[in-house]
Amino acid sequence: MDPQKQAYREEASELIADMEDALVELEQSPTDRDLIDRIFRDMHTIKGSGAMFGFNNIATFTHGIETVYDLIREGRIKVSGELVSLTLAACDQIKLLLEDVDATGDSAHITEISHKFAAMIPSAEPEPSPVALEPEEHGEATFRIRFTPKPELFENGTNPLPLLDELRDLGESRVICHLDRLPDLEALDPQKCYVYWDIILTAKISESDIRDVFIFVDDISDIAIAQIDSAEELDDYKPIGQILVEKGDLAASELDAALSEQKRLGQVIVEKGLVPESELESALTEQEYVRDMRLKRRQVEASASVKVASFKLDSLVDLVGELVIVQARLSEFATRRGDPDLAALAEDVERLSAELRDQTMDIRMLPIGTTFARFKRLVRDLANELGKEIDFTTAGAETELDKTVIDKLGDPLVHLIRNSVDHGIELPADRRAAGKAEQGRIHLSAQHSGAYVLISIEDDGRGLNTRAIREKAIAKGILAPEAQPSEKEIFELIFAPGFSTAENVSAISGRGVGMDVVSRNIEALGGSVEIQSQAGSGTVITLKLPLTLAIIDGLLVELAGNFFVLPLGCVLECIELSQTDVNRAHGRHMVNVRGEIVPYIPLREVFSLSGEIPESEQIVITGIGDRRVGFVVDRVIGQHQTVIKTLGKALKDMDGISGATILGNGTVALILDVNRLTAYVEQEELSLTG
Amino acid sequence: MAKKIMSVDDSASIRQMVNFTLTEAGYEVVEAEDGQDALDKLARASVDMVITDLNMPRLDGIGLIKAVRSDPSKKFLPMILLTTESHVDKKELGRQAGATGWIVKPFKPDQLLAVIKRVLG
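Residues numbered from 1 in each chain as written. Chains lettered and ligands numbered in written order. Predicted model: local features only at pLDDT ≥ 70, side-chain atom pairs only at ≥ 80, totals over all residues.

**Details of the overall build of chain A**
Quick note on the threshold: Only DSSP runs of H or I reaching four residues or more are called helices, and only runs of E reaching two or more are called strands; each is numbered from the N terminus. Here a residue counts as buried when 20 or more other C-beta atoms sit within 10 Å of its C-beta, as exposed when there are 12 or fewer, and as partly exposed otherwise, the C-beta atoms being derived from the backbone. The contact criterion used here is simple: two residues whose C-beta atoms, placed from the backbone, lie within 7 Å are in contact.
If you tally the helices and strands in chain A, you get 22 helices and 21 strands. Scored against the burial criterion, the 690 residues of chain A give a buried share of 34%. Of the contacts formed within chain A by residues at least 6 apart in sequence, a portion of 68% connects residues at least 24 apart.

**Points about the packing of helix H15 (residues 403-424) of chain A against helix H19 (residues 515-524) of chain A**
All names here are of chain A. Keep this limit in mind: Lines are fitted to the C-alpha atoms to define the axes, a helix being fitted only along its stretch in contact, and any angle between axes, read from their N-to-C directions, falls within 0 to 180 degrees. Oblique is the label for any angle not under 35 degrees, not over 145, and not in the 65 to 115 range, which are roughly parallel, roughly antiparallel and roughly perpendicular in turn. A crossing counts as left-handed when the near helix is turned anticlockwise from the far one by less than a right angle, and as right-handed when that turn is clockwise. Gly is placed with the polar residues, together with every amino acid not listed as nonpolar (Ala, Val, Leu, Ile, Met, Phe, Trp, Tyr, Cys and Pro) or charged (Asp, Glu, Lys and Arg).
Packing of H15 against H19 leaves a shortest axis separation of 9 Å and a crossing angle of 150°. Overall, the two elements H15 and H19 adopt an arrangement that is roughly antiparallel. Helix-helix and strand crossings are classified by hand; for H15 and H19 the assignment is left-handed. Here Lys408, Asp411, Pro412, His415 and Leu416 of H15 lie close against H19, whose contacting residues are Val518, Asn521 and Ile522. Within the contact of H15 with H19, the residues separate by chemical class into four nonpolar, two polar and two charged.

**Notes on the nonpolar core**
Put simply, the rule reads: By convention the nonpolar core is taken to be a set of buried residues drawn from Ala, Val, Leu, Ile, Met, Phe, Trp, Tyr and Cys and joined through C-beta atoms within 7 Å.
Counting residues in hydrophobic clusters, the biggest one holds 80 residues, and the most contacted among them are Val379, Ile442, Phe564, Leu566, Phe631 and Leu672 of chain A. Not counting chain neighbours up to four residues away, the residues in contact with phenylalanine 564 of chain A comprise Val557, Leu559, Ala669, Leu670 and Leu672 of chain A. Ranked by size, the runner-up nonpolar core spans 63 residues in total, among them Leu15, Val68 and Val79 of chain A together with Ile5 of chain B.

**A look at the interface of chain B and chain A**
The interface is formed by 30 residues belonging to chain B together with 28 residues belonging to chain A. The residue inventory of the side of chain B that touches chain A, partitioned by class, reads 13 nonpolar, 10 polar and seven charged.

**Focus: the packing of helix H1 (residues 3-28) of chain A against helix H2 (residues 33-52) of chain A**
Residues and elements named next belong to chain A. Axis separation between H1 and H2 bottoms out at 9 Å; the angle between their running directions is 155°. Relative to H2, H1 is oriented roughly antiparallel. Viewed along their axes, H1 and H2 form a crossing whose handedness is left-handed. Together, Tyr8, Glu11, Ala12, Leu15, Asp18, Met19, Ala22, Leu23, Glu25 and Leu26 of H1 and Leu35, Arg38, Ile39, Asp42, Met43, Thr45, Ile46 and Ser49 of H2 make up the contact between the two elements. Counted by class, the contact of H1 with H2 contains 11 nonpolar, two polar and five charged residues.

**So, the sheet that holds strand E13 (residues 562-567) of chain A**
Residues and elements named next belong to chain A. Selection criterion: Only strands joined by at least two bridges in the DSSP assignment are considered to pair.
Read from one edge to the other, the open sheet built from five strands follows the order E19-E12-E13-E21-E20, with strand pairing classed as mixed. Strands with a single pairing partner mark the edges of an open sheet, and in this sheet they are strand E19 (635-643) and strand E20 (657-662). Ignoring strand direction, the axes of neighbouring strands in this sheet form an average angle of 35°. Direction of pairing for strand E12 (residues 551-559) relative to E19: antiparallel, over a ladder of eight bridges. Residue pairing for E19: aspartate 553 is matched across the bridge by glutamine 641. Seen against the sheet, helix H12 (residues 310-337) touches E12, E19 and E20 and runs at an angle of roughly 145° to E19.

In structure tokens:
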């Protein structure tokens, strides 16, 4: 046993002996106040020290006894022979409990004694139980604290400066001292506290942690705490006038009057004596401080310790692209020459250029979360404006996309989210009537799928009204009145230029620059938009975007003497297509892949290429999301680092081709737009089934 | 110079524990067995702070604080009261008597040091 515990045991034994003496005397003179005090103090010390040194069983056991003796001291319980015997029995048990920290003594007897003591305590006596709180984890937040002590602060020995130091130790802080209440020298009483403080503090704490620092002074001072910033906030901070009004230093009417003077606000406020100079300075410090914090956070969000102009990155990517093409030529040349030394050199260059390419592309990748952050605010503001309740959640914020793609994605996403809030989610009353929770839900998520990133906006609103869309499309002349479009085709109508379904054009959406702009923007990025909707239960809009627009890993294939590249990220496998398979499918372009029926695209037909069909063709099976489609080619050549070159104005509307690349021997290979071609298969399927 | 703290408690084991903790932390410690002993010792030597138990024979913690505060030269002396959680109202009494702060028993050495730092700097 450690010496401190040993010291406690010895002390407790002495106290018990003293208590036993006192108890025997008390039986003779039951009203002796000194004896009662002595027993209470002994019991109190045994209990209090017991808890200090880890004898928790003693602390628990003696607690009830101590309470009874406290009540005897107050004259609310009378001493009896029975009480004395019971206390003596308790002393025997305490002796047993003192044997060891974990000793339990005669537990049946202890319980019995405890019950008897508890029965003596009037039930009105509330027993505050100590609550042990686990320290909570808090996110970083910034607080504004105004600590205004009363003038008599010093009188009970309080020094306010250690409190300020304690706050400083919690995190980053600014302390501003206000001296405007200091009287003139002759009126000044040095024993009084005239100053007060503003503290701006950033730390991973909660408001109650701050209150805790002031626990000894909260009755002799005013402490106002407000959270003014959190880790999620990136926007610019409040104007100075608003800060002063919020802190109660300036009345809102005074602010309006001052603002109307058309001079610098701070100057007007001080000239008019509306607030003391130190309070203005404090508000300015707060403004600068929070702006600084947010600026730093924005820089961290951009996750760059070195800022580089993006055009420099663009030209770096171009150069790497050229290098990759030259490297392909070198590899080709080395193979032709059959020189092993040259071949080894070419392989090294290939490996290094692939690494260089990956690193360069990686620099351009940014987490999409940077754009997600601004939508939280957007949804909140819109929902408030419209009187709707919306729970906005996001997932996959860490998904990375090429910077160019992210930059161009912002506006379409804003538009789609506005649509969900405005047209999708119903008013709380309507939702209740429809048997849904009053609070609507919008979920924005991003995830990788091969060479693509899927971004979806999911709401549990009213869904698309196919009948209304159809009628509107007919009225606008977009759809022929006799047409019988499928549900999917009806959904696609909303991408038609000039289409807007909102019956009343609201201030939030429905300005007519609707979904056609969204779909055009996404297609310009090489992506596509897909809608799924269930009337009454919600809509899911999925944007499918290529990871990058510059260099990709491709699968090089040959078809009738021409070369094509498929993005390797969406290639699942290559299988053979024999004439027997073709015959078995009865003219349908379907193939059985280990029991799964996969539609395929005969590229020879699609691109109207002539030439002899080889005996056995190859199918490249691709997958985007959960959809699988095969592409029939003559020959699969292999992996190829593909530097994407745009096709130029004349060919930019070529369906099914997203670009071109240069092979090692100088030949041009076209890059297949797998996404667009897949859509083509679906249409074909529809026309067959319809 | 090391700050001098007076520890007032009728329990020798608590005094020993407080003494050990404070000495380790670099404070100088003066011990007193109860309020009366503390007053006698305070009359002879000055300290920077007093930590006192509540229940003690002869003169209890509240009485000690009142007596110290009535001496104009010790009006601003920081005084911390040791209480148990079952005596919340005593905390209020201590406050009225002029206690600077309090520590609720049982406490751990680092909690004691945190409170001392909060009051003494």
